[in-house]
Amino acid sequence: MAERKVRILVAKPGLDGHDRGAKVVARALRDAGFEVVYTGLHQTPDMIASAAVQEDVDAVGLSIMSGAHNTLFPAVIEALRKQGADDIVVFGGGIIPDEDIERLQNAGVKGVFTPGTSLKAIVEWVQTHVTPHR
């Protein structure tokens, strides 16, 4: 029996209306052989966690440009925990100042990608840090 592909949910939390980067990353992950689900814009942390559980994903990739990453990324992690899905790897990117990266990592965000990160680097990070677990 073939091993299941890694499944990734790409989500845009909050009121941020810019999703080009999320779509580009989602497509790069799909082209690299991962199964990718994109939730679209304006998702609440609870909506993202529910979709992650329903879609049986191994990771959630968050994209944010609005500056609310210090609030929304931890809120998604907490929503996943409440649904018993704290084994789902959370990573994210967007306009994130360097001084916020450690805070996000301490909150449970496993990978943080800032502007200029190559798609190759994101794909390689996922290949290294995310495995099918369900």
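Residues numbered from 1 in each chain as written. Predicted model: local features only at pLDDT ≥ 70, side-chain atom pairs only at ≥ 80, totals over all residues. Heavy atoms only, no water.

Colleague: Break down the packing of aromatic side chains for me, with residues and values.
Modeller: Counted under the stated rule, the structure contains 3 aromatic pairs. For the ring pair Phe91 and Trp125, a centre distance of 5.4 Å and an interplane angle of 50 degrees mean the geometry is tilted. Here the residue Phe91 occupies a position in strand β4 (residues 89-94), and Trp125 occupies one in helix α5 (residues 119-129), the gap between them amounting to 34 residues. Judged by its relative accessible area of 13%, Trp125 is buried. (Phe/Tyr/Trp six-rings, centres within 6.5 Å; stacked < 30°, edge-to-face > 60°. Helix = DSSP H or I, 4+ residues; strand = E, 2+ residues; numbered from the N terminus. Buried < 20%, exposed > 50% of the residue type's maximum accessible area, 1.4 Å probe, protein only.)

Colleague: I'd like a rundown of the nonpolar core, residues and numbers included.
Modeller: Nonpolar side chains in soluble globular proteins generally cluster together in the buried interior. Judged by nonpolar contacts, the single largest core of 24 residues is most densely connected at Val60, Leu62 and Leu80. Elements with a minimum of two residues in this core: β1 (7-11), α2 (45-54), β3 (59-64), α3 (69-82) and α4 (98-106). Per element, the largest residue contribution to this core is 6 residues, and it comes from α3. With near-sequence residues (within four places) excluded, Val60 lies in contact with Leu9, Ile48, Ala52, Leu80, Ile88, Val89, Val90 and Phe91. (Core = buried A, V, L, I, M, F, W, Y, C linked by side-chain atoms within 4.5 Å. Contact = heavy atoms within 4.5 Å.)

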